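Residue-level structure breakdown
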Amino acid sequence: MCGIVGYLGTKPAYEILTQGLHRLEYRGYDSSGVAIENDGGEMHVYKSQGKVSNLEAAVDGKPHDGTLGIAHTRWATHGIPNDINAHPHVSDDGRIALVHNGTIENYAVLHEALAGHGCKFTSETDTEVLVQLIEYIRLTNDCTLADAVREALGQVIGAFAIAVIERDNPDLLIAARRSSPLVIGIGDGETFIASDATPIVGYTDKVVYLGDDEMALIRRNEPLEVISLNDGSHPGLDIQTLRLSVEQLEKGGYDTFMLKEIFEQPDTLRDCLRGRITADGNRVILSGVLDNKERFLNANRIVIVACGTSWHAALIGKRLIQDMCALPVEVEYASEFRYGSPFITDRDIVIAISQSGETADTLAAIELAKSKGAFVYGICNVVGASIPRATDSGTYIHVGPEIGVASTKAFTGQVTVLTLLALCAGQLRGTISQQQVTAIAGELLRIPDILRQVLKLDDAIREMSRIFTYARNFLYLGRGYNYPTALEGALKLKEISYIHAEGYPAAEMKHGPIALIDKDMPSVIIAPSDSLYDKIVSNVQQVKSRGGHVIAITNTGNEDMRKLADYCLEIPRVMECLTPIVASVPLQLLAYYVAHYKGCDVDQPRNLAKSVTVE
Ligand code: M6R
């Protein structure tokens, strides 16, 4: 949570920092701030509640020149979102400014000790404790800023990515991290730091991902120095090339990132599939699986850990892997797994799914699984993020940056990769016939074109959605492969429209939720012509006979459903195991347009953040 940016170079820092904040706003957007230092060592700090545009309005007309600066966009953990709690936080003597992403777990103990030394606090945040501690160490030890930062971080328990500057020192920017991500961009005479690579794109393609417990000393006209916080040693610099373009970060003519990302899915799934199915369509090549053949041959069990939408993808993955690999699969919320004393052995494969690759609970689950000897496999979108670096092997979904807070193209990418993984491992284990592999792989390759047809429902869904803005509750029902699709549809609606929505396995309706049904509670029922179609039809009838309205997702030309349901969204028929990918797209559009007509901020819904790097 929270986004940080820093710059030391030759250009005006303010524009670079605020542009970077806009790109990081998906990480949190309840307040933001910037500290700029001019070449004479004078420092100006500005903070503002709300989005980055509020900060820009607040700074307008005030001094903000300088080629060194740090900035922050916040998602509150300690203290309400307001100007005072916004970052940067400044030390008592006004000398040191600091931005922080993460949580300092022992902040209360440190706060008490510092207050005992006469230190005064102005905010309710955990972060302010850290800047005051740095100042205290700096003054009592009469040491350099770098030494004080290192010493202070040694006393901190928790997660942090920080950037620090000090007044009268316009040639030094310090950054450090533990558990929270930090990328350093190395340009020509300029250096950038950021929570992810997006603020750096367009300036340089040379990046270093700062490692855990490392501190970077960025000095004007000097090479980057990275120091281990633990022993002061200098780990080697692994300079990588960034493969992201500015165009990939922009809205491309759509009103919102979310709509753009929904419409990108035919292309993103093509990218996701590229090179992973042989030209003859007979084999699936996932190097993460094939390079670890013995692990997949000897596995006793697969456990999938994830959060939110990625957890829904995991539920679909469970069925795919069980059906194709004849292996038991369990799915756990990463947050429950990490504290649940899970029974894991070295014959287990733990698959961690995460779009961002930074989700704190998923990262902690990975560490726990590794400590128990499991082989950990990551499915991630953001290249170079913490999760792909923490796992033993894995597969990127390659769907490009997902900026909208509500996950759409990442979900279909995750399900696509899970399908490929099940096919590849099933083929390796001899638990799926060649005929099935060829049929499923062939249909997978047709999915991008099928999604193009599904997206033609856009006008119909837009029209229909206007009608449903009145609803305060929605029920989403699905069975088999599409029970998780129902969960995901419900999550999308509640996240962006603030309408309460419940996803249920359709047959469970009669065990309780049926009591809720009336004319004011629409039900979205996923009813493709699959092995459970007849059962789902009776659920539709049960809703209708209680006065409920039904929006059915069914296959093209289903006359019977047209008679039964109030609204039919017709999608092309595909193999049962691939229906979640196809059926989830109209659900994304439905959620989108309902939220749109309710006037909600679709890309940045209230209280949410794209990357949940706190517990
Ligand atoms: O980056 P991750 O996939 O690990 O994120 C997990 C969840 O926080 C995420 O899917 C969240 O539920 C989204 N807002 C869903 O749209």
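Throughout what follows, the structure given in this document is the object of discussion. As the structure is a prediction and not an experimental result, all values here were calculated from the model.

Let's talk about the pattern of salt bridges
Applying the stated criterion across every chain, the model contains 29 salt bridges. The salt bridge partner of D168 is R95, with a shortest N-O separation of 3.8 Å. Of this pair, D168 sits in the loop between strand 7 (158-166) and strand 8 (172-178) while R95 sits in the loop between strand 5 (89-90) and strand 6 (96-104); the two residues are 73 residues apart in sequence, bridging distant segments of the chain. In this structure, E570 engages R562 in a salt bridge whose closest nitrogen and oxygen atoms are separated by 2.6 Å. Take E570: its relative accessible area is 17%, and that puts it in the buried class. Note on R562: relative accessible area 38%, which makes it partly exposed.

Some words on the site of the ligand
Of all residues adjacent to the ligand, which total 14 residues, the nearest are S310, S354, S356, T359 and E495. The separation between an oxygen atom of the ligand and a polar main-chain atom of Q355 is 2.7 Å. Within the side chain of S356, an N or O atom sits 2.6 Å from an oxygen atom of the ligand. Protein chains bury 91% of the 420 Å² of accessible surface belonging to the ligand in isolation. Because more than half of its atoms lie within 2 Å of the grid, the ligand is assigned to the second largest pocket.

What about the packing of aromatic side chains?
Scanning the entire structure with this criterion turns up 11 aromatic pairs. When the ring of W311 is compared with that of Y333, the centres are 3.9 Å apart and the planes differ by 10°; the resulting orientation is stacked. Taken as a pair, W311 in helix 11 (residues 308-325) and Y333 in strand 16 (residues 329-333) lie far apart in primary sequence, 22 residues in all. For W311, a relative accessible area of 12% gives the class buried. The exposure class assigned to Y333 is partly exposed, which follows from its relative accessible area of 37%. Above the face of the Y481 ring, R319 is positioned so that its terminal group lies 4.9 Å from the ring centre.

Topic: the sheet that holds strand 21 (residues 500-505)
Strand order in the open sheet made by the 5 strands is 21-20-22-23-24, with parallel pairing throughout. Each edge of the open sheet carries a strand with a single partner, namely strand 21 and strand 24 (567-571). The sheet shows a mean angle of 20° between the axes of neighbouring strands, direction not considered. Where strand 23 (residues 550-555) and strand 24 come together, 5 bridges link them in parallel fashion. Counted as the bridge partner of A552 is C568 from strand 24.

Digging into the environment of S91
Structurally, the position occupied by S91 is in the loop between strand 5 and strand 6. Exposure remark for S91: the relative accessible area of 3% places this residue in the buried category. Excluding residues within four positions of it along the chain, S91 makes contact with I96, V131, Q132 and E135. Within the structure, the side chain of S91 is placed 3.4 Å from the side chain of E135, a separation counted as a polar contact.

Overview of the pairing of strand 23
Strand 23 sits mainly inside the fold: 6 of its 6 residues count as buried. A crossover connection joins strand 22 (residues 523-526) to the parallel strand 23 through helix 19 (residues 533-544); in handedness this β-α-β unit is right-handed. Tracing the backbone out of strand 23, into helix 20 (residues 559-564) and back to the parallel element strand 24 gives a crossover that is right-handed.

Cut-offs applied
Residues numbered from 1 in each chain as written. Predicted model: local features only at pLDDT ≥ 70, side-chain atom pairs only at ≥ 80, totals over all residues. Heavy atoms only, no water. Salt bridge = Lys/Arg side-chain N within 4 Å of Asp/Glu carboxyl O. Helix = DSSP H or I, 4+ residues; strand = E, 2+ residues; numbered from the N terminus. Buried < 20%, exposed > 50% of the residue type's maximum accessible area, 1.4 Å probe, protein only. Near = heavy atom within 4 Å. Polar contact = N/O pair within 3.5 Å; in protein donor to acceptor, adjacent residues only side chain to side chain. Areas by Shrake-Rupley, 256 points an atom, 1.4 Å probe, with all protein chains shown as cover. 1 Å grid on protein atoms, 1.4 Å probe; cavity = no way out; pocket = protein on both sides within 12 Å on 5 of 7 lines; lining within 4 Å. Sits in = over half its atoms within 2 Å of the grid points. Phe/Tyr/Trp six-rings, centres within 6.5 Å; stacked < 30°, edge-to-face > 60°. Lys NZ or Arg CZ within 6 Å of the ring centre and 35° of its normal. Pairing = 2+ DSSP bridges. Axes fitted to C-alpha atoms, helices over the stretch in contact; angles between N-to-C directions. Contact = heavy atoms within 4.5 Å. Right-handed = clockwise from strand over helix to strand, strands pointing away.

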